[in-house]
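Overview (structure and organization)
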Amino acid sequence: MKRIIYILVLLFIGLAVGEQTIAKPKKRRAKAKVTAVSKKKKKATSRKSSRKAATKPAPKPAPEPMYDADGDEINPYLQCEDTCGHVHGIDLSHYQGQVFWETVGENTKMAYVYLKATEGGDRIDSYFERNIDLAHRYGLKVGSYHFYRPKTPQETQLRNFMTQCLPGEQDLIPMVDVETTASLSTEEFCDSLMKFLGLMEVAYRQKPLVYTYRNFYNKHLVGRLDDYQLMIAMYTDEEPELADGRDYTLWQYTAKGRIVGVNGYVDKSRFMGRHGLREIRYRH
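As the structure is a computational prediction, the values presented were derived from the model and not from experiment.

1. Points about the confidence of the model for the protein chain
Scored by pLDDT, the protein chain has a mean of 80; 70% of the residues are at 70 or more. This model gives residues 15-63 a pLDDT under 50, and the stretch forms eight contacts once residues within four places in sequence are excluded.

2. Focus: the packing of helix 4 (residues 154-164) against helix 5 (residues 186-204)
Contact geometry of helix 4 with helix 5 gives a least axis separation of 10 Å together with a crossing angle of 40°. As far as their axial angle goes, helix 5 and helix 4 are oblique. Taken as a pair, helix 4 and helix 5 cross one another with a handedness that is right-handed. Packed against helix 4, whose contacting residues are Q154, E155, Q157, L158, F161 and M162, the element helix 5 presents S192, K195, F196, L199, M200, A203 and Y204 at the interface. When the residues that make up the contact of helix 4 with helix 5 are grouped by side-chain class, the tally is eight nonpolar, three polar and two charged.

3. What about the nonpolar core?
In this structure, L92, W101 and V113 are the most contacted members of the largest nonpolar core, which totals 46 residues. In terms of residues, this core owes the most to one element, helix 5, which gives seven residues. Beyond its immediate sequence surroundings of up to four residues, V113 is in contact with I90, D91, L92, W101, A135, L140, K141, V142, G143 and L172.

4. Brief notes about the packing of aromatic side chains
Taken as a whole and assessed by the stated rule, the structure comprises seven aromatic pairs. Here F161 and Y204 contribute two aromatic rings whose centre-to-centre distance is 5.9 Å and whose plane-to-plane angle is 65°, an arrangement assigned as edge-to-face. Within this pair, whereas F161 is found in helix 4, its partner Y204 is found in helix 5, the two being separated by 43 residues in sequence. Across this residue pair, the class does not change: F161 and Y204 are buried. Centre to centre, the rings of Y213 and Y235 are 6.1 Å apart; their planes meet at 85°, and the pair counts as edge-to-face. Separated by 22 residues along the polypeptide, Y213 in strand 8 (residues 209-213) and Y235 in the loop between strand 9 (230-233) and strand 10 (250-257) bring together distant segments of the chain.

5. Here's the deal with the packing of helix 5 against helix 6 (residues 214-221)
Where helix 5 meets helix 6, the axes come as close as 10 Å, and the angle between the chain directions of the two elements is 105°. Here helix 5 lies roughly perpendicular to helix 6, going by the angle between them. Here T186, F189, C190 and L193 of helix 5 come into contact with helix 6, specifically with F216, K219, H220 and L221. Looking at the contact of helix 5 with helix 6, its residues break down into five nonpolar, two polar and one charged.

6. Considerations on the side chain of R270
Structurally, R270 can be placed in strand 11 (residues 266-271). At 3.0 Å, the side chain of R270 forms a polar contact with the side chain of E239.

7. What about the pairing of strand 6 (residues 141-147)?
Within strand 6, six of the seven residues are buried, leaving the element largely enclosed by the surrounding structure. Pairing analysis gives seven bridges linking strand 4 (residues 110-119) to strand 6, with the strands arranged parallel. Following the sheet pairing, K116 is matched in strand 6 by Y145. One ladder, built from three bridges, connects strand 6 with strand 7 (residues 175-177); its direction is parallel. Looking at strand 7, one finds that F147 is bridged to D177. Regarding the hand of the β-α-β motif, the stretch spanning strand 6, helix 4 and strand 7 is right-handed.

Cut-offs and rules
Residues numbered from 1 in each chain as written. Predicted model: local features only at pLDDT ≥ 70, side-chain atom pairs only at ≥ 80, totals over all residues. Heavy atoms only, no water. pLDDT = per-residue confidence, 0-100. Contact = heavy atoms within 4.5 Å. Axes fitted to C-alpha atoms, helices over the stretch in contact; angles between N-to-C directions. Helix = DSSP H or I, 4+ residues; strand = E, 2+ residues; numbered from the N terminus. Parallel < 35°, antiparallel > 145°, perpendicular 65-115°, else oblique. Left-handed = near helix turned anticlockwise from the far one by under 90°. Nonpolar A, V, L, I, M, F, W, Y, C, P; charged D, E, K, R; others polar. Core = buried A, V, L, I, M, F, W, Y, C linked by side-chain atoms within 4.5 Å. Buried < 20%, exposed > 50% of the residue type's maximum accessible area, 1.4 Å probe, protein only. Phe/Tyr/Trp six-rings, centres within 6.5 Å; stacked < 30°, edge-to-face > 60°. Polar contact = N/O pair within 3.5 Å; in protein donor to acceptor, adjacent residues only side chain to side chain. Pairing = 2+ DSSP bridges. Right-handed = clockwise from strand over helix to strand, strands pointing away.

As C-alpha cells, then:
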C-alpha cells in the first residue's frame, strides 16, 4: 500500500513539473509578441521622424558673391540696382527653380511679381502653381504671363493660358510676352498678335500688358500698340526710348538682378515716372 502511495506521489510530481515546463514557452511567445510590437512602434516612430525631417524647409541659400564692372564686391542684400525711389518688381519662371518666397516677401522694394504661366499652345510652367500660391502667401501682388508663339493658333494659346491664369488669383492684369516673329513678316506677325490680344481682352474683360524689348518694338510694333500698356526691356543705365516717342508703364532694367531668396539671376523692373501699381491692377 505504501508503495502504491509512493508511486502516485512521484507521478503527481512528474505531472506538475511537466505542466510548468510546457507553460514556459507560452510566456516567451508573449514576450516575443511585445518585442515585435515595440519594434513596429520604433519603426513607425522612425518613419514619422524621417517624414518630419523631409517636410522641414530647406535652408535658405547663402547669396553668391556679386561684383561690379570694377571687380568690387556688391552687397547681395541690395533691394534694387536702379534708384530705390521707384516701385520695383520681378518676373520669374521655372528657370529660377525653387524660390524662398518668405525671404523675397521680406524685401520691401519688391512690390509685385509676374509669373510665367504658359507658353504657346500646350506648355505650362512647372513652377507656376507653387509660385503663385507662395507669392500670395508672403504678400506680393501677383500677375501671370504667357509667352506668345505667333504661328500657334490664337484660340489654342488662349485656352492654354486660361487653364492656369484664374481671375480669382490675379492681382495684376495678364501680361503677354512678345519676343519673336517666328519668321513671319511684320504684317503677318502683327495681325497674329493683335488677334490674340483681342481674344485676351474679351476673356479677361481688360486689356493685357504687353512685354517686349525696345529693339523688337522699334522694328515691328511702332504705332501698333497705342491702346496697350507696355513693359519695355532694355539692360542699360539709360532709360529706353521708343521710336514713336510713346510713353510706357514699366521698364525691365536688368536680366541679371540679384535678390536674397532666389538662386541665380532674376529679371527686375520698375514703374516709370508717375506710373504705379493702380494702373495694372486686375479689375474683378
